Every structure is written in C-alpha cells, then in structure tokens.
Amino acid sequence: MALLLSLGVATAPALAKDGIVLQAALPTAAGDRVVQDDPDNPIKFSIDEAIANGSVSTQDLYIGTVKSYLGEKADGKTPVFGEGFGVHPYDILIMNDRVGIVLAAGTDDPWGYPGGSILDAGRVTVPEGSPDLRNATFGDDTVLTAQFLFNTWDAWAPSNAGMVSFDLVNYNFETKAIDDVNGMPAVQATRKFTVPYNLNGVSTPRDLDVVSYYSIAPDKDYAYWFDTVHNNGDAFSTEALNEVVISNKGSVGIDTKTVGALSAANTFNFVTDENGQPTKQFSTTMISPGENLGSDGRSHPFSGFTGARGYRELMFSPANRPYVAGETRLYESYLMIDDRASWQKVYDFWADYKGLDTFNVSGTVTDASGAPAAYPTVIVNRGGALYGSVVGDADGHYSIDLPEESTTQTYTLRVEKKGTVPSTPSANFTSETVPSGGLDLQTGAQKVPVTFTFKDQNGDPVWGRISVGALPQMIYTGENYYFSDRNADGTAKKGVVTAMVAPGNYSATAWGEGYGFYSYTTNPQTFSRTVTGNTATDPTQTVVINKPLSAPTDWFGVDNHHHGGRMDAFSPPEVSANAQMTAGLEVLSLADHQFVLDNCPVYNLSRKFGAIGYMPNEEITPSWAHHNMMPLTAYAYDRFRDCDQVNPIINTNTNHQGILDDAHEHGIAIGVNHPNSSYGLFLADDDRTVPGGMSGDFDGIEIQGFGVRTINEAFGFWSAFLSGATRRGVEVNRPHYIHGSTDIHDSGQGTGSGGQRSYVHVADGKAKSAADFDAFSLEFSRSQAAGHSFVSNGALITPTSGKVFGNTYRADQTGSFTADFNVKALNNITDIYVFGSTGTGTSTGGFNGLNNLISRTTYTGADLATSKDFTLKVDGVQGKQWFALAAVTATGNRRAITNPIWVNGPDVPATQTITEIEPIISFPEIPVVGDVVEQPRTAILTTSPWSGFLFADWKLAGGNFGSKAKKNLNYVYTLTFEAPSGYVFDPALNDPKAGVLVDNDGVRSRLIYRRHLKALPGSR
C-alpha cells in the first residue's frame, strides 16, 4: 500500500545541521516506495516501504529511516547521532543496542558522491530491559564518511548515478548472498556507475551496477559493509582503482592511522579535561580482511593504503584490477565503532575472523617517580611497524589481547602521555616470551618550557614558529610545533614562542616571519635555522631573523586555498591563523571543503593578530571538480564569513553551470582548484565526466606548484578570450585569471602555509585597512577577482609605471607600448620571461615548457642582483593582445608569474559597446507601513563584451534605508551601473516598461534600474 507522506520541506534549498544541503524536493509515494525524483534535484532515491516504515524493530536490530525513528523530530535539521550529517528524514538508520550507522539517501554525501555511503557512525545505549531499540541514547558521530570508490576520487556523482534504490533484503554475510532462510535483515543500496573512461584519448562509456549491503548483527560493535560490482558492459583495464575509504571528520577526529597487518585504518580521538580526566574518546575503524573473490575466480585482497591523514583509502590487488565482461566482484568490509581510543576490538575481530588464538600482555605504567600514570597510551609495534594502541585506566593499568598469528613474531610496547616525552620501546617479546608477571612500563620524562624570542636584524619582534622533538604517534598526547604565545585578551605576543621540550639537550628548528619571501636565517638560501641548547642552562633563546624584504607597497599576499580543521583538515582556527601570520601573509583566509563555519573564528584572530585583511572562502566540493570563492559584495563577505554559524555553503548537487550560477547569485567569483588533478575540472572535462558538460562561466584558475599544463591552459583561455574563440569547446566570455595557493591541510605539522600565494593590488591598502578592515577586505577580494595580482613562491613582480595586471591599456598611434616593472627576491634574479598572445616560443629553464614565449632575459655575472628593473616594450601592436611576466631566482627556483596586461592596438576602437548584460539583482520589496525599509544587497552586472564585474547599490528617494515605512509615501529606488572607461552601454538595452534606462551623456555611460513603490498598510 502507498505511504502517506507528511514531510514538510521548503520550496527552496535549506541548510541542514552543519551546513550539509538538504535539497528541496518533496519525496512522493510511488506504490510501495518513497521516491524522490524531482528533475531539478540530482539526489534521487527510492526506498521500499519496509525501510521507510521502520518495520525491522527488535531488541537486536533496527532498520528504518530517520523519520521513522525520530518521528516529528525529523525536521531536516536534527540528526540521530550527535553532530551527525544524516538529517534528511529519509536517510537510513541501522543499529543494534551498541552501535549504529546512517546511510546517505536524501542528505548529500559531503564529498559529492552518490547516496548509499555511510554518513554517520556512533555508539548506541539502550535502557536495560527495553523491548526494542526505540528509547536509545545516541553518542556523537565519529566519521565524515565511509564509502566505496570505483576509481579512487573520480567523477561519480548524484547527477550520473541515477536513482539510488534502497531495499530491505535478507542477506547472509557468511555466504555473501541474499538468503531468505539463513540471512539477516539488511539494506541493499543499488547505484549505477556510468562514468566513462579515457581510452587512448577517446571517452569510452561503461555500465556497472554498484550494490552495497549493510547490517549489524546482535551483540556486535561493527557494521557489515559489503560492496558488489557487476560489469554490464565490455572489458576494460584502466580507471578501475576500486577502493574503500574512511574520512576523518575534522574538529571531531584528531588523526587517522593505518595498520597493514590488520588491513585496517581508523579515525580516532582522546580528549581530557584540565585535570587529565577523559571527556571524550573513540576509535572507528574500517577493516577489509577478505580475499574478495570475483565471479571469474580472481581474488582482490587488500594490497595497501593511499590517501592522506584526512582520508585513508584501502586499495585492493592491482594485478587483478581490470574488469572482464560480465564480471561480478565483492569487496568485504567492516566498520568497527568503539567508544574507546583503542584497537582492542579490532584485535578481537581479527582473531575471530582468522580463527586465531590470542595472548595477553598487561602491566602498569608509572611515571619517573614510580607513581601510576593515569590513562597512558600504550603503543603496540609488531615487527617494527605500528600495530595499534590501547589506553590504560586511571591507575595506569593496561591489558592487551593480541592475535597469535606466529609464535616467533616480535612485538614491542611504548608509552605516550600528554606532557611527557614518548618513552623508549620495551624489550622485544613474542607470544611465548611475554613476562609471566606482566610487562610494566614507564612514561618518558616530563617536558619543560623553553622560550624563544624572535627578532629581526634591527631588534624588532617578528612572528616565529618552532618545531622541536619527535611528533608523538598518537598526537592527542602532544605536538611538536609551537607558535607565538597569547596575551590574556587573545592578542599575540609577537616574537615570543614557548615550546615544551624534553629535559636536557635540545635541538629546535626555527622559522621567522615571511620565511622564503621576506626573511632568511644564516644566509639568503636558508629559511630556517637550528637552535641548540640545554633546558637547564638555556631556558631562553634569542632567534635573529634577517628580514630585508616586505610586501611591496600596496600589494598584499594571500593563500587562496588554505585549509583549517574541517572535513579532512587538521588545523584549528588558532593554528591556521598563526601559521599564516608567521608565513608573512598580509591577508588571511580559510578554505575548508563544504564548510565555512571556521571563517569567523579565523577572521576574529586576524583582527587580534594585526593582519591587514581577511578573505572568506570555501572549497566547493562536487566529486568531479573542486572550486573556490572570492566574495564580491558585502552580502557575500558577511554570508561566507558566517559569524552567525549557519554554514551557508554553495550547492554542489547540480551540474557545472548550476554550481557557477549559485555562486554568482550569492555574490562571489568562483575559481577552479587544482584543475588537472583527479578531482579537477580540466581533467574531468578531458574524460567527459563533468555533469551537464563544462561551462566557461568560471572566473579563476588556481596555480599550484607552477604546473605547466595549468599555466598553459590559462594562456589558452586568455588568447581565446581576446579572439572570441572557444576553449575546450566552450565560449570564453571572461578572462579566467590565475591565483596561487598551497592546498595545505595541516599547517601545524607542515610549514607550507603561503608557500605559494597571490599578491593582490589595492591602492593605499594599509590606510584603507586601518580605516575600515572589512571594506579593505572586500576591495581586496574584488581586486583579486579582477586579475590585479601575480602568483609567487618567493619572487616579487610589481609595476613601477602604473600598468597593473588585469587592466586594459592602449598602445600609441604607432603601435608601441611600454610598461616598467621591478622584480626582487631574497636571492639573485636569473631570468625574466615575457609571454603573450603573439608569442610562438616554448620556454626553458626555471619556467620550462610554457607556450606563448616572447622573450627570456637571462642575467649572469655582474648583472646578477636581488632587485632588477625591467621594461616591457613592444612595437607593432595590432588588435587585442595580452602580455604577462615571469621571473626565476638563482637559488631554490623561487618564481613568480603575473596575470595578463591587456593591450589594445591603435586599430581597436577606443570605445566598445556593451550589447548584452547579465544582471544579478535583488530587487526591493514593497515597503510595509511600520516596517523597516531594507536596502537590497549590492547588485552585480557582467557584460558582453566583458568589462569586468560591475557593482551598484540601490539608492532611495522619498525615505531612508533603515527607517520605518510611512503611509502615503512613494519610495523611488534607483540602481545605477556605470560602464568603465572605454565602454558604453548600447541604447538598445533601454526597456522603459521594465524600468531600465541607458544614459549616455558623452562623459559617462550608465545603466539605470528604477522602481517606484508605495508603502502597503501595516498589519496593525
């Protein structure tokens, strides 16, 4: 029978808890299923009635939707597990009386993959004697996602996976088959994989079914997670890197670890209060222990790990990776969900799965005085490799049952505890040589403070950072990096860094403000220095940094792609802000995947730390191509700074044009991140896997590591923009300026913050920042979107004759054009390159393999210097041309490359007519008597031909914004866009009936919108 639905969902996209987008489609009853098949919503699901009604509800197992379990509380914002992502009423809950998981059905997967992934995993507590699981208490969610990947991080997305079907079946996890007699209730999630692959440059289709089975057995602490893949098409051997992956949930998990001997990877944390008492701990572990046989007899066992700290990908046998026609294969995985930061349950699972005996090693951990060490972490190494860890109790006792796979296998134990140095390993032991009386352990020595004072060559304080000692394996027990100390009011003690070090002799590594860009230590080729001493005799140290350079006047550095602590990143706001300040970035930013929640904390720290500006950001993360943002309006700046903490992210569950439209409508310019990587736009376009096809309406191109392919793509787009040609089969109607960034995910352990950055021009920027920090920050972001910038990893290229990158200039009547620049760095400049639309050469040297080379000037001998003046002089300019500069230094291959300067020849008309417009306008609402008259947000206009982003704010006659509307008043709203120099609006854009007027007075050209509104009577 059909289901009666009462789900009330708004008609526009709303935001679920923590910002995962809850789509607006209203599921409907279709026979015995709940179906979401809105053509405007790529998230499509079909759930059978038994799951939708929560019909599996016993003392041992519950399978149902979030709505069937929570009832009226399932409001699209409330998760089952604390801080969970699974908030859509038709996400699917599977639980016993110990653990549970939530599958993505209506909520979008955070990585942009199809439904059917594990969104949430946490502990469950049920009152004793309960007849079912309805009154459970749920712990916090512990994972970002756990999911199957067909070809590592590929272009599989809701828009190309079709309808995701969820069915209740009886599945036998022993025989790995549907079994109505001996099987247990399970959820079967069926998806299509039709992403084509690149076969010798040809996009080749394929057709596979990906069917996953999930359930949880009675009295178990793990969920079954079996993925079957059936190839409906021809054989193929490439782009088939099947994996399962567990992703750390930034701000929840502190790290991930892999243990190859257990075919397992986990995410975990252990948190204590100021007295050392545990307040939160967990370990959630992905295990794939089977042979994973296919229908053709080949096996696909675990073969190793890839990924990064934020996501651990478990790979299967590469030898058997190719698919044959008609093949079916199954990958057997389990998700262990433990409320302890311990591998003990994984050891137990492994012994049970492999049919092994176990042996015990136990003892007491004490400190140097002999007193018990409360809650010590005991790390197990097997054969010299990490084999997991456990946490002891309040009295320092620990006990570990280890699988006995070999009586000759050697083990050692080691202790880590917060505030102490990691201990030395115990003596080797085997299952047969464990001391009969137990194996007592001792913590390492207590760390002591050493204070480092950073100064420049003039004795002025500078930002600094210290790394000292080994990083603990379990980093919740401490860190080995330190930034500037803080005052009571939250401001930084610039130049004072207190590090906790092992007592006795120490060796620390110091970096000073702007290392590699503005400063060096012992010589211009060395950007860090080693500081040695003894904690007894040298509890304080002075670190002198040579800082001969600073940012050029009116140029300000930013790292456009700097992660914080969300999703797969590991840098809390304070670490991220400190790292950027120490790197010498004048403008701070934050770009986490699908989160903007930490923008406001880092923004606040940027104010306290004395930064010049702040640029809110987000890494917009559909599975197939990541993007970033540059706010263009005050509304966008405030929205994505997100001090209201609602996480208003850009919608990624649509095609490429839809993502770009959503970004532009919210007032941001949007760039493409790492576009030639496995989740980059250009590679996805090469493979023809961009949903809806690639659009040319993106605004910027990220440059990481000065990648030749990416820079050449930018050159190609610039030339196509000038000539009116297409690029990659799309119309190029905007310049696509470059910006530089690092994509750093851990700016505490890593020192790469700002290692590649953009320098952006803002005239009188420091004075503007001092007068109005936020106004400067918005102007900075607009300036970057307008291309007034260059990309650098240490060299600086600045105009000295007023010719700013991204602007258009005219050659003289003879076709000559001249622009002057200064190039400087810490080391000698060896090469300056000129690239341009007329260039036909290919570059060599520091910039090797770039197209469009016009000239390369090389300096040697007496001509070498750290500062070089350079004149760009070109003759015979005809038509529209572009020119860009690049520079290389002698040591360290420090480089820079600029955005283009556009140059029109004398044959180009001095004035161009704007014939088409694309406005993004919030029109005023009719005032209501007694209500406040609101000012609509800043409007944006883009034009054809392109004239940049044009901005306008509504003006009001007949009243004032912010005042209360009065009766019998006519309010006249006017919005005026002014064409930039060299452009006029086409009079044909006049539309008096629509209130649109073109005003060309010979001096200025304006496009004016008018609205006449009379206040409506109030309700009182």
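Within every chain, residues take consecutive numbers counted from 1 along the sequence as written. In keeping with the model being predicted, local features are shown solely for residues with a pLDDT of at least 70 and side-chain atom pairs are shown and tallied solely at 80 or more, while totals for entire chains, interfaces and linings include all residues. Each side-chain value is derived from all of the structure's non-hydrogen atoms; neither hydrogens nor water enter the calculation.

Let us look at the environment of G671. Mapped onto the secondary structure, G671 falls in strand β44 (residues 668-672). It is 3.9 Å that separates the C-alpha atoms of G671 and G700, two residues lying 29 residues apart in sequence. When neighbours within four sequence positions are excluded, G671 is seen to be in contact with H626, H627, N628, G700 and H739. Only DSSP runs of H or I reaching four residues or more are called helices, and only runs of E reaching two or more are called strands; each is numbered from the N terminus. Whether two residues touch is decided by their heavy atoms; if any such pair falls within 4.5 Å, the residues are in contact.

We now examine the pairing of strand β39 (residues 540-545). For the exposure calls, accessible area comes from a 1.4 Å probe over protein chains only, and a residue counts as buried if that area is under 20% of its type's maximum, exposed if over 50%, partly exposed in between. Of the two faces of β39, the one lined by Q541, V543 and I545 is fully buried and the one lined by T540, T542 and V544 carries no buried residue. Strand pairing is assigned whenever DSSP identifies at least 2 bridges connecting the two strands. Pairing between strand β33 (residues 448-456) and β39: 6 bridges, direction parallel. Residue pairing for β39: T453 is matched across the bridge by T542.

This paragraph deals with unusual backbone geometry. Looking along the chain, the bond that leaves S944 and enters P945 is cis, with omega of 0 degrees. Its location among the elements puts P945 in the loop between β62 (939-944) and β63 (950-952). One non-glycine residue, Q594, lies in positive phi territory at about 60 degrees. Its identity as a non-glycine residue notwithstanding, D743 has a phi of 65 degrees, on the positive side. The exposure class of D743 is buried, given its relative accessible area of 18%.

This part takes up helix α5 (residues 573-582). Summarising burial for α5: 8 of the 10 residues are buried, a large majority. Every buried residue belonging to α5 is among V575, S576, A577, N578, A579, Q580, M581 and T582, and all of these are buried. Elements that come into contact with the buried residues of α5 comprise β34 (464-468), β35 (481-482), β37 (505-512), β41 (587-590) and α6 (599-609). Among the residues trailing α5, G584 stands out with phi positive, at a value near 85 degrees.

With that settled, the discussion passes to the sheet that holds strand β31 (residues 411-416). Spatially, β29-β28-β31 is the arrangement adopted by the 3 strands of the open sheet, whose pairing is antiparallel. In this open sheet, the two edge strands, each paired with only one partner strand, are β29 (385-391) and β31. Across this sheet, the average inter-strand angle for adjacent strands is 25 degrees, counted without regard to direction. As defined by bridge partners, strand β28 (residues 377-382) adjoins β31 across 6 bridges and the pair is classed as antiparallel. Across the sheet, I379 pairs through a bridge with R414, a residue of β31. Note on geometry: axes are lines fitted to C-alpha atoms, helical ones only across the stretch in contact, with angles between N-to-C directions running from 0 to 180 degrees.

Further remarks concern empty space enclosed by the protein. A pocket here means an open set of points on a 1 Å grid, computed over the protein atoms alone, that has protein on both sides within 12 Å along at least five of seven lines. A cavity is instead a set of points where a 1.4 Å probe fits but cannot get out; residues with an atom within 4 Å of a point line either one. Grid points are joined across faces, edges and corners, and a volume is the space filled by probe spheres set on the points. The tally for this structure, following the rule as stated, stands at 8 cavities of 30 Å³ or more. Roughly 70 Å³ of volume is contained in the largest cavity. Lining the largest cavity are 13 residues, and of these I43, K44, P114, G115 and P158 sit closest to its centre. Amino acids outside the nonpolar list (Ala, Val, Leu, Ile, Met, Phe, Trp, Tyr, Cys, Pro) and the charged list (Asp, Glu, Lys, Arg) are all regarded as polar, and Gly is one of them. By residue class, the composition of the lining of the largest cavity is 7 nonpolar, 3 polar and 3 charged. The volume enclosed by the second largest cavity comes to roughly 60 Å³. Looking at the second largest cavity, it is lined by 13 residues, and the ones nearest its centre are E665, G667, I920, R937 and T938.

Moving on, we come to the layout of surface pockets. The volume enclosed by the largest pocket comes to roughly 1,200 Å³. Lining of the largest pocket is provided by 49 residues; of these, T808, W946, S947, G948 and Y983 occupy positions nearest its centre. Secondary structure elements with two or more residues in the lining of the largest pocket: α10 (708-723), α12 (773-785), β52 (808-810), β59 (901-904), β61 (916-920), β62 and β63. Ranked by residues supplied to the lining of the largest pocket, first place goes to α12 with 4 residues. Within this model, the second largest pocket holds a volume of roughly 960 Å³. The wall of the second largest pocket is formed by 43 residues, among which I254, K418, I475, Y476 and E479 lie closest to the centre. Sorting elements by how many residues they give to the lining of the second largest pocket places strand β22 (residues 264-272) first, with 4 residues. Across the lining of the second largest pocket, the residue classes tally to 18 nonpolar, 14 polar and 11 charged.

In space, the 3 strands of this open sheet follow the order β61-β62-β63, with antiparallel pairing throughout. At either end of the open sheet lies a strand with only one pairing partner, and these are β61 and β63. Each neighbouring strand pair of the sheet contributes to a mean axis angle of 25 degrees, computed without reference to strand direction. Bridge count between β62 and β63: 3 bridges; the pairing is antiparallel. Along β63, the bridge assignment pairs L941 with L950.

Salt bridge, as used here: a side-chain nitrogen of Lys or Arg that lies within 4 Å of a carboxyl oxygen of Asp or Glu. If you walk through the whole model with that rule in mind, you get 33 salt bridges. R123 serves as the salt-bridge partner of D339, at 3.9 Å between the closest nitrogen and oxygen. Of this pair, D339 sits in the loop between β26 (328-338) and α4 (344-354) while R123 sits in strand β10 (residues 118-125), placing them 216 residues apart in sequence. On the accessibility criterion, R123 (19% relative accessible area) is buried. When the shortest N-O distance is used, the salt bridge between R856 and D831 registers 2.8 Å.

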